[in-house]
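One letter stands for each residue in the lines below.
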Amino acid sequence: MQRIQQDRIVLERFPDYWNKGAYFFDRIVYFPIPDTNRPALESEGQGSLDIVERVAPSDLSTISPDKSLAIV
């Protein structure tokens, strides 16, 4: 695990986890993004974010036509 304050948290896969076959990734990187416009901009065709927790309602009309993105 790595934590850089105000920048990111990196979690590495635990090789001895009892159910390790159920997970197909080796690490997760969390980036705190306080600006609500940045996730919308980064998600548009750049592929730099895999999951965005919150999207501003005003950005949904821009994001929803993109069939490569799922809004849940």
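Residues numbered from 1 in each chain as written. Predicted model: local features only at pLDDT ≥ 70, side-chain atom pairs only at ≥ 80, totals over all residues. Heavy atoms only, no water.

(A) Spotlight on the sheet that holds strand β1 (residues 2-4). One open sheet accounts for three strands, arranged β1-β2-β3; its pairing is antiparallel. Where the open sheet ends on each side, the last strands, each with one partner, are β1 and β3 (27-30). Strand after strand, the sheet turns through a mean of 5° between neighbouring axes, direction not considered. Summarising the sheet, β1 and strand β2 (residues 8-12) pair through three bridges and their orientation is antiparallel. Bridged to Arg3 within β2 is Ile9. (Pairing = 2+ DSSP bridges. Helix = DSSP H or I, 4+ residues; strand = E, 2+ residues; numbered from the N terminus. Axes fitted to C-alpha atoms, helices over the stretch in contact; angles between N-to-C directions.)

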